[in-house]
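Understanding the architecture of this molecule
Listed below are the residues making up each chain.
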Amino acid sequence: MENNSNVAETKNSHGEMIGEVKTFEEYKGAGVFADLLLDRTFKKAFNPDSQNKVCLIALLNAVLEGEIASPIVDVQSRNKEYSDGSNENRTSIFDLHCIDSAQRRFIIEVQILFQKNIVNRSIYYASQTVVAQGQRGKKYNYELNPVVTVVFMEFNVFADDRYIRRAKLREINGSCISDTLNFAFVELPKFNKPLDELETTLDKALYALKNMKNMTQMPKQYANTVFELLFSTAKLAKLSKEEQKMIDEAQKAKWDEYAIHKAAIDSGLQQGLEQGLEQGLEQGRNQRNREIAKKMLLKKKPIEEITEFTELSEADVLAIKASLGQS
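Residues numbered from 1 in each chain as written. Predicted model: local features only at pLDDT ≥ 70, side-chain atom pairs only at ≥ 80, totals over all residues. Heavy atoms only, no water.

Right, let's talk about the overall build of the protein for a bit. Along its length, the protein carries nine helices and eight strands. The burial tally for the protein puts 44% of its 327 residues in the buried class. Contacts in the protein between residues at least 24 apart in sequence constitute 63% of all its contacts with a sequence separation of at least 6. Of the accessible surface of the protein, which amounts to about 17,900 Å², a share of 49% is contributed by carbon and sulfur atoms. (Helix = DSSP H or I, 4+ residues; strand = E, 2+ residues; numbered from the N terminus. Buried < 20%, exposed > 50% of the residue type's maximum accessible area, 1.4 Å probe, protein only. Contact = heavy atoms within 4.5 Å. Areas by Shrake-Rupley, 256 points an atom, 1.4 Å probe, with all protein chains shown as cover.)

This is how it looks when you write it as structure tokens:
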């Protein structure tokens, strides 16, 4: 069985799973396949304008099963139509835009670092794609083509153990009222099926996305499937020196982002622990002084002496005295 992951996982201050920082040399692992969750590798492996479109179609159909009116049969890039989302120098997010033969618009995103408002962000950008379909003029009849957003995340957002959730505009009872906005969110840290338990196309797709960078060869489970092409595309030995250099730089940048992110989290946790400890000690001191004040009041000690000895305020001492029924 292939090793599920070289990367230990830890929780940040929000409770989401993030990758434990390692050196670039450790991260690179066997050095056989590039990480599919890098901008350049992902876009090459799932290029809608190359033979690899079969991988993208299989991935999307598996992730969106039951949520779109009909299976995707063909796709092509729509980067010329909508090109503002991608930025290859930005390691926290990248995206790919395509359109299928049914004129459905697809936004495929990979989020590497925790995004607090990931759902709202996805709604915002999907809505922009809906608005972009509008035609100026009085006779526009609002015939909108569906917009489908798929987000792969290397962190967890939702509280339960489900690694995929699909959503669209529905009534409270669950009946769909519109296909205009469709969403699928995939939390990769929650997908932990071992290699020998992979059954569905979705299983194989998510396992490859999460683990290919740690593999030394293509597992037999992928033989005679469309995802054979993923392994061929991501094989480092087949890449040009320029491509290898770019991927190496992207891998280093990804771990730099993780390192910075984790350092900030660790610093915040440490600060929180220190603040919590100090608050606890202060509460303990206050409680102890209040108990001492009670004993001194029962012995009829003067208020001035009690405040000086316990460092409690006069108001606090008088309140304790009243609670004892003393006038």
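Following the structure, the description resumes.
For helix H8 (residues 303-310), the full list of buried residues reads Ile303, Ile306, Thr307 and Thr310. One side of H8 carries all its buried residues, which in axial view fall inside an arc of 95°. Along H8, exposed side chains directed more than 90 degrees from the buried face belong to Glu304, Glu308 and Phe309. (Arc of directions from axis to C-beta.)

Summarising burial for strand E5 (residues 105-111): seven of the seven residues are buried, a large majority. Burial along E5 is two-sided: the residues Arg105, Ile107, Glu109 and Gln111 and Phe106, Ile108 and Val110 are all buried. Relative to strand E6 (residues 147-153), E5 runs parallel, the two being bridged by seven bridges. In the sheet register, Arg105 faces E6, and the bridge partner there is Val147. (Pairing = 2+ DSSP bridges.)

Ranked by size, the top nonpolar core spans 51 residues in total, and within it Phe46, Val63, Ile108, Phe152, Leu206, Leu209 and Leu230 carry the most contacts. Elements that contribute at least two residues to this core include exactly helix H2 (39-45), helix H3 (53-63), strand E4 (93-100), E5, E6, strand E8 (176-187), helix H5 (201-211) and helix H6 (228-234). The leading source of residues in this core is H3, at eight residues. Counting residues in each nonpolar core, the second largest holds twelve residues, with Ile107, Phe155, Leu181 and Phe183 among its members. (Core = buried A, V, L, I, M, F, W, Y, C linked by side-chain atoms within 4.5 Å.)

In this section: the pairing of E6. For E6, the tally of buried residues reaches seven of seven residues, placing the bulk of the element in the interior. Both faces of E6 are covered, namely the face carrying Val147, Thr149, Val151 and Met153 and the face carrying Val148, Val150 and Phe152. Pairing geometry for E6 and E8, over seven bridges, is parallel. Within the sheet, the bridge partner assigned to Phe152 lies in E8 and is Val186.

Attention now goes to the environment of Gln133. Looking at the secondary structure, you find Gln133 in the loop between helix H4 (118-131) and E6. Gln133 gets classed as buried once you look at its relative accessible area, which sits at 12%. When the C-alpha atoms of Gln133 and Asn145 are compared, they prove to be 7.9 Å apart, with twelve residues separating the residues in sequence. Of the polar contacts made by the side chain of Gln133, one reaches the backbone nitrogen of Asn145; its length is 2.7 Å. (Polar contact = N/O pair within 3.5 Å; in protein donor to acceptor, adjacent residues only side chain to side chain.)

Turning our eyes to something else, we now look at the environment of Ser122. Within the fold, Ser122 resides in helix H4. Residues Ser122 and Phe183 lie 61 residues apart in sequence; the distance between their C-alpha atoms is 8.2 Å. Once residues lying within four places of it in the same chain are set aside, the contact partners of Ser122 are Glu109, Thr149, Val151, Phe183 and Phe185.

It is the contact of H8 with helix H9 (residues 314-323), at a shortest axis distance of 9 Å, that shows an interaxial angle of 115°. In this structure, H8 meets H9 at a crossing whose hand is right-handed. Facing Ile303, Ile306 and Thr307 of H8, the residues of H9 in contact are Glu314, Val317, Leu318 and Lys321. Residue composition of the contact of H8 with H9, grouped by class: four nonpolar, one polar and two charged. (Axes fitted to C-alpha atoms, helices over the stretch in contact; angles between N-to-C directions. Left-handed = near helix turned anticlockwise from the far one by under 90°. Nonpolar A, V, L, I, M, F, W, Y, C, P; charged D, E, K, R; others polar.)

The geometry of two aromatic rings is summed up by the distance between their centres and the angle between their planes. Tallying each qualifying case throughout the model produces eight aromatic pairs. Between Phe33 and Phe231, the aromatic rings sit 5.4 Å apart at their centres with planes inclined by 80°, giving edge-to-face as the arrangement. Of the two residues, Phe33 sits in the loop between helix H1 (24-28) and H2 while Phe231 sits in helix H6, which places them 198 residues apart along the sequence. Taking relative accessible area as the criterion, Phe33 reaches 4% and is therefore assigned buried. Take Phe231: its relative accessible area is 3%, and that puts it in the buried class. Note on Phe183 and Phe185: the rings are 6.2 Å apart at their centroids and 10° apart in plane angle, and the pair reads as stacked. Against the face of Phe158 rests Arg165, its NZ or CZ located 4.0 Å from the ring centre. (Phe/Tyr/Trp six-rings, centres within 6.5 Å; stacked < 30°, edge-to-face > 60°. Lys NZ or Arg CZ within 6 Å of the ring centre and 35° of its normal.)

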